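# Observations on the three-dimensional arrangement
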Amino acid sequence: MPGSQWLDATVLGVLGLLIGSFLNVVIYRLPIMLEAQWKTECAELAGKESPVAEKFNLMVPRSRCQKCNHQIRWYENIPVVSYLFLRGKCSVCATPISLRYPLVELATGALFLYCGWKWGVSPTALVWSGFAASVLALALIDWDTTLLPDDITLPLLWSGLIAAALQWTTVSLSSAIWGAVAGYMSLWLIYWAFKLITGKEGMGFGDFKLFAALGVWFGWPALVPIILMASVIGAVVGIAMKFSSGLREGGYVPFGPFLAGAGLTAMIFGPGSILGIFGL
């Protein structure tokens with residue numbers, strides 16, 4: 001690997017570690033913010049006074065230990081390094097810090113490093129890095145809450161269209177548009193067919209929007225391998241969780257994380273390689 005390629009990969013890798021630290025905040029706080037917003041809207045529709053709550057967004061209040069309320073100092077918030085230095089515990093009350101925090105930072109750093117290695121420090125690398133960060137955040141939010149927030153899925157879709165229009169991806173604008181249409185409509189039709197037959201909802205509308213966004217980023221021909229991989233992985237994980245009694249109440253497994261995983265696989269290996277995995 002040429003020295004400049006190493007430098008580009010390292011620069012974006014370090015940026016990814018920092019973005020990963022912010023993603024941890026988004027993954028935890030965004031669902032809480034949405035729930036507070038919905039409660040306020042419901043109160044207004046019911047003609048009741050909106051509940052007064054402490055200001056809470058992605059910036060305020062500062063990160064703190066959920067047990068002792070110790071405010072996290074800047075040197076306790078350095079990606080990965082602080083976790084190792086603190087030995088995975090709060091510096092005040094020694095409450096264990098979830099291993100997922102450094103893992104998200106490392107995963108984001110690795111994805112950004114890959115983008116820097118493949119495309120250099122360029123608009124293409126930056127938009128694909130943004131894609132990777134958004135998809136990773138969506139996967140974990142959906143896994144935790146069974147929500148795929150419009151605050152991420154819709155900007156992901158529109159940014160993909162803009163990137164295609166500016167030729168920062170290899171997908172033509174026409175293929176991206178039809179990818180959005182086919183991605184959304186295919187899962188929408190499956191949703192309604194399943195509901196009419198069983199009377200139950202098999203997935204959420206966020207899945208439609210995420211699949212539409214993947215169609216934008218990879219073009220409509222990539223939708224078949226992406227949905228195939230997501231379905232197979234989802235089935236395997238669901239069966240494994242059923243036998244290990246790991247299913248949540250109602251036996252529901254969110255589909256978003258598997259769509260996200262298939263999207264990241266397509267980014268790294270290409271949609272065609274997914275078909276090769278299944279011998280197609």
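Report follows, based on the coordinates. Note that the structure is predicted; figures quoted are calculated from it, not measured. (Residues numbered from 1 in each chain as written. Predicted model: local features only at pLDDT ≥ 70, side-chain atom pairs only at ≥ 80, totals over all residues. Heavy atoms only, no water.)

### Topic: the overall build of the chain
Each helix and strand in the chain was counted, giving 10 helices and zero strands. Along the chain, helices (α) and strands (β) appear in the sequence α-α-α-α-α-α-α-α-α-α when read from the amino end. Taking 280 residues into account, the globule formula puts the C-alpha radius of gyration at 19 Å, and the chain, at 20 Å, falls close to it. The principal-axis extent of the C-alpha atoms belonging to the chain is close to 60 × 55 × 40 Å. In the chain, which comprises 280 residues, the share counted as buried stands at 40%. Taking as baseline every contact in the chain between residues at least 6 positions apart, the subset at least 24 positions apart corresponds to 70%. When the accessible surface of the chain is split by element, carbon and sulfur atoms take 68% of a total near 15,500 Å². Computed over 17 positive and 15 negative side-chain charges, the inter-centroid distance for the chain is 8 Å. (Helix = DSSP H or I, 4+ residues; strand = E, 2+ residues; numbered from the N terminus. Rg over C-alpha atoms; globule rule 2.2 N^0.38 Å. Buried < 20%, exposed > 50% of the residue type's maximum accessible area, 1.4 Å probe, protein only. Contact = heavy atoms within 4.5 Å. Areas by Shrake-Rupley, 256 points an atom, 1.4 Å probe, with all protein chains shown as cover. Lys, Arg positive; Asp, Glu negative; His and termini not counted. Charge placed at Lys NZ, Arg CZ, Asp CG, Glu CD.)

### Concerning the nonpolar core
Within the largest apolar cluster, 60 residues are counted, with the highest numbers of intra-cluster contacts made by F131, F218 and M267. At the level of secondary structure, the elements contributing two or more residues to this core comprise helix 1 (3–45), helix 3 (100–119), helix 4 (123–145), helix 5 (150–165), helix 6 (173–198), helix 7 (205–218), helix 8 (223–243) and helix 9 (256–269). In terms of residue count, the dominant contributor to this core is helix 4 (13 residues). Once residues lying within four places of it in the same chain are set aside, the contact partners of F131 are L156, L214, W217, F218, G263, L264 and M267. (Core = buried A, V, L, I, M, F, W, Y, C linked by side-chain atoms within 4.5 Å.)

### Section: helix 5
A rise of 1.5 Å per residue sets the reference length of helix 5, with its 16 residues, at 22 Å; its end C-alpha atoms lie 22 Å apart and thus fit the reference within 8%. Listing the buried residues of helix 5 in full gives I152, T153, L156, L157, G160, L161, A163 and A164. Looking down the long axis of helix 5, one finds its buried residues gathered within 165° of arc, a one-sided arrangement. Among the residues trailing helix 5, Q167 stands out with phi positive, at a value near 60°. (Expected span 1.5 Å × (residues − 1). Arc of directions from axis to C-beta.)

### A look at the state of the cysteines
Using the criterion set out here, one finds zero disulfides in the structure. Left without a disulfide partner, C65 is nearest to the cysteine sulfur of C93, which lies 3.7 Å away. By relative accessible area, which is 9% here, C65 ends up buried. The closest cysteine sulfur to the non-disulfide-bonded C68 is located on C93, 3.6 Å from its own sulfur. (Disulfide = S-S within 2.5 Å.)

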